[in-house]
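Chains, contacts and geometry: an overview
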Amino acid sequence: MTFAAHVLTLYPGMFPGPLGTSLAGRGLGSAWTLTATNIRDYATDKHKSVDDTPAGGGAGMVLRADVLAAAIDGAPAELPRIAFTPRGKPLTQARVRELAAGPGVVLLCGRFEGFDERIFEARGIEEVSIGDFVLSGGEVAAMVLLDACVRLLPGVMGAPSSGDDESFETGLLEYPHYTRPVIWEGRTIPEVLRSGDHARIAAWRKSMAESDTRSRRPDLWERHEGVRVQPASGAR
Ligand code: SAM
């Protein structure tokens, strides 16, 4: 199955951009397809307007619901719809995995002050944020989401198992990596990794993943521990 990405944007020329290189670029056209459509193509007035002033006053411009709706209705109806907003649900590896397992996605990129609120419910759109900061537009957010999805598609990532231990896949951050030279600027690769003892290496990696997650991302650690503890306490 080919993953179909449909991006609705005021700047279709930004695509594929970085998605045209490396892993994602190699899979483009086979593992996945990309259609970038200009929202302005769906404007109906003679000025091709896509935005208007905010109701109630204030700075900036707001993307019009009628134009957005026409653009969305022009995309495949069977695909999930995502709009990028700073207030949206934070993007997670779990959501990326769900999307990558599906037929594709329609991505709506905001500009200016964002979208007319009515569009979300009217067209069943999920709002997604890529972090607690404000971008100038949703295009880079769309690239982030697509890059994360595309690398999970069958045949895109070099070694099929190389994603299994990665950060967030197990609910933990990944353990640290090293490669030759063994001693570099007086720093030595931990002895265990040079021991050839696979059981010891696995135990070291697990313990490093746990301690790194606990110290760097206490929020993830708490969730991980919650998930681990729940089945035991529920199984009376
Ligand atoms: N007025 C909006 C607010 O304060 O929440 C910010 C609008 S921003 C300048 C323009 C567009 O960039 C948004 O409509 C959205 O599509 C995108 N964007 C900005 N920050 C984002 C984020 N953290 N995650 C996802 N999309 C973002």
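Reference entry: report on the structure contained in this document. (Residues numbered from 1 in each chain as written. Predicted model: local features only at pLDDT ≥ 70, side-chain atom pairs only at ≥ 80, totals over all residues.)

1. Focus on the overall build of the protein chain
Counting its secondary structure elements, the protein chain contains 7 helices and 9 strands. For 236 residues, the compact-globule estimate of 2.2 N^0.38 gives 18 Å, and the protein chain exceeds it by more than 25% at 22 Å. The principal-axis extent of the C-alpha atoms belonging to the protein chain is close to 70 × 45 × 40 Å. Looking at the 236 residues of the protein chain, the share that counts as buried comes to 26%. A sequence separation of at least 24 residues applies to 77% of the contacts in the protein chain between residues at least 6 apart. (Helix = DSSP H or I, 4+ residues; strand = E, 2+ residues; numbered from the N terminus. Rg over C-alpha atoms; globule rule 2.2 N^0.38 Å. Buried ≥ 20, exposed ≤ 12 C-beta atoms within 10 Å, placed from the backbone. Contact = placed C-beta atoms within 7 Å.)

2. Overview of the pairing of strand E5 (residues 81-90)
Sheet analysis places E5 next to strand E6 (residues 104-108), joined by 3 bridges and oriented parallel. Paired with Arg 81 across the two strands is Val 106, which belongs to E6. Relative to strand E7 (residues 126-129), E5 runs parallel, the two sharing 5 bridges. By the bridge assignment, Pro 90 is partnered in E7 with Ser 129. (Pairing = 2+ DSSP bridges.)

3. Here's the deal with the sheet that holds E7
Note: strands within a sheet are paired through backbone hydrogen bonds, in either parallel or antiparallel orientation. If you walk across this open sheet you meet the 5 strands as E2-E1-E6-E5-E7, and the pairing is parallel. Two strands in the sheet have a free side with no partner beyond their single neighbour: strand E2 (32-38) and E7. Neighbour to neighbour, the strand axes of the sheet diverge by 35 degrees on average, direction disregarded. Of the strand pairs in this sheet, strand E1 (residues 3-9) and E6 are connected by 5 bridges, and their pairing is parallel. What sits directly across from Val 7, in E6, is Leu 107. The strands touched by helix H5 (residues 139-150) are E1, E2, E5 and E6; relative to E1, the strand with the most contacts, the crossing angle is about 175 degrees. (Axes fitted to C-alpha atoms, helices over the stretch in contact; angles between N-to-C directions.)

4. So, the environment of Ala 4
Mapped onto the fold, Ala 4 is located in strand E1. Of the residues examined, Ala 4 has 18 C-beta atoms within 10 Å and is grouped as partly exposed. Spatially, the C-alpha atoms of Ala 4 and Trp 32 are 5.7 Å apart, while their sequence positions differ by 28 residues. Other than its neighbours up to four places away in sequence, Ala 4 contacts Thr 33, Pro 76, Leu 79, Pro 103 and Gly 104.

5. Considering the site of the ligand
Residues in contact with the ligand amount to 19 residues; listed here are only the nearest, Phe 84, Gly 110, Gly 114, Leu 135 and Gly 138. Examining the composition of the shell around the ligand, we find that 4 residues originate from one element, E5, more than from any other. Looking at the shell around the ligand residue by residue, the class counts come to 8 nonpolar, 8 polar and 3 charged. (Near = placed C-beta within 6 Å. Nonpolar A, V, L, I, M, F, W, Y, C, P; charged D, E, K, R; others polar.)

6. A look at H5
Given a rise of 1.5 Å per residue, 12 residues ought to cover 16 Å, and the 16 Å separating the end C-alpha atoms of H5 matches this to within 8%. For H5, the full list of buried residues reads Glu 139, Ala 141, Ala 142, Met 143, Leu 145, Leu 146, Cys 149 and Val 150. Looking at the buried positions of H5, the neighbouring elements they touch are E1, helix H1 (22-27), E2, E5, helix H3 (93-100) and E6. (Expected span 1.5 Å × (residues − 1).)

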